[in-house]
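Fold and contact review
Residue strings, one per chain:
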Amino acid sequence: VQLQASGGGLVQAGGSLRLSCAASGSIFGINAMGWYRQAPGKQRELVASITSGGTTNYADSVRGRFTVSRDNAKNTVYLQMNSLKPEDTAVYYCNAHLKGPQTRAWGQGTQVTVSS
């Protein structure tokens, strides 16, 4: 299973971006999907996740500004990011917990840069 992320870019503080991540390949089923981020010199951290049933979880730093959603028919997860702050600058990675022989997959990362 491969994950292909898109939608990153450069935006001014207060702006919005929408990330997408589509899974492809031999998919037996997908449990939770989510987004992580890693800023320079920092550890990768969970941003948001969503179960196959639609239950969501957010990091405190993004709750109320970011919204995670998914389209199960398209095996795609989205991250709508509003009211972006410079501290949101990072490489964002999508992640999926899978059913079948491959239990987890990561996307290639997409850069989000928020200027002040």
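Conventions adopted
Residues numbered from 1 in each chain as written. Predicted model: local features only at pLDDT ≥ 70, side-chain atom pairs only at ≥ 80, totals over all residues. Heavy atoms only, no water. Helix = DSSP H or I, 4+ residues; strand = E, 2+ residues; numbered from the N terminus. Rg over C-alpha atoms; globule rule 2.2 N^0.38 Å. Buried < 20%, exposed > 50% of the residue type's maximum accessible area, 1.4 Å probe, protein only. Contact = heavy atoms within 4.5 Å. Lys, Arg positive; Asp, Glu negative; His and termini not counted. Charge placed at Lys NZ, Arg CZ, Asp CG, Glu CD. Phe/Tyr/Trp six-rings, centres within 6.5 Å; stacked < 30°, edge-to-face > 60°. Lys NZ or Arg CZ within 6 Å of the ring centre and 35° of its normal. Disulfide = S-S within 2.5 Å.

On to the overall build of the chain, then. The number of helices and strands found in the chain is 0 helices and 11 strands. Along the chain direction, N to C, the helices and strands of the chain fall in the order β-β-β-β-β-β-β-β-β-β-β. Against the compact-globule benchmark of 13 Å for 116 residues, the chain has a radius of gyration of 14 Å, which places it among compact chains. On the principal axes, the C-alpha backbone points of the chain span a range of 45 × 25 × 20 Å. Per-residue burial for the chain yields a buried fraction of 42% across its 116 residues. Put simply, of all contacts in the chain between residues at least 6 apart along the chain, 52% involve residues at least 24 apart. Here the chain contributes 11 positively and 5 negatively charged side chains, and the mean placements of these two sets differ by 6 Å.

Okay, the environment of threonine 51 next. Looking at the secondary structure, you find threonine 51 in the loop between β5 (45-50) and β6 (56-58). Excluding its chain neighbours within four sequence positions, the residues that come into contact with threonine 51 are Asn31, Ala32 and Arg70.

Attention now goes to the side chain of serine 20. Mapped onto the elements of the fold, serine 20 is located in strand β3 (residues 17-24). Excluding residues that lie within four positions of it along the chain, serine 20 makes contacts with Gln4, Ala5, Ser6, Trp35, Val77 and Tyr78.

Turning to the packing of aromatic side chains, a few remarks are in order. If you walk through the whole model with that rule in mind, you get 1 aromatic pair. Sitting over the ring of tyrosine 93, arginine 44 keeps its end group 3.8 Å from the ring centre.

For the coordinates displayed, the defined rule picks out 1 disulfide. Each disulfide pairs two cysteine sulfurs, and for cysteine 21 the partner residue is cysteine 94, the sulfurs being separated by 2.1 Å. Handedness of the cysteine 21-cysteine 94 disulfide follows from its S-S torsion of about 60 degrees: it is right-handed. Remark: cysteine 94 occurs in strand β9 (residues 90-98) and cysteine 21 occurs in strand β3; sequence separation between them is 73 residues. Judged by its relative accessible area of 0%, cysteine 94 falls in the buried class.

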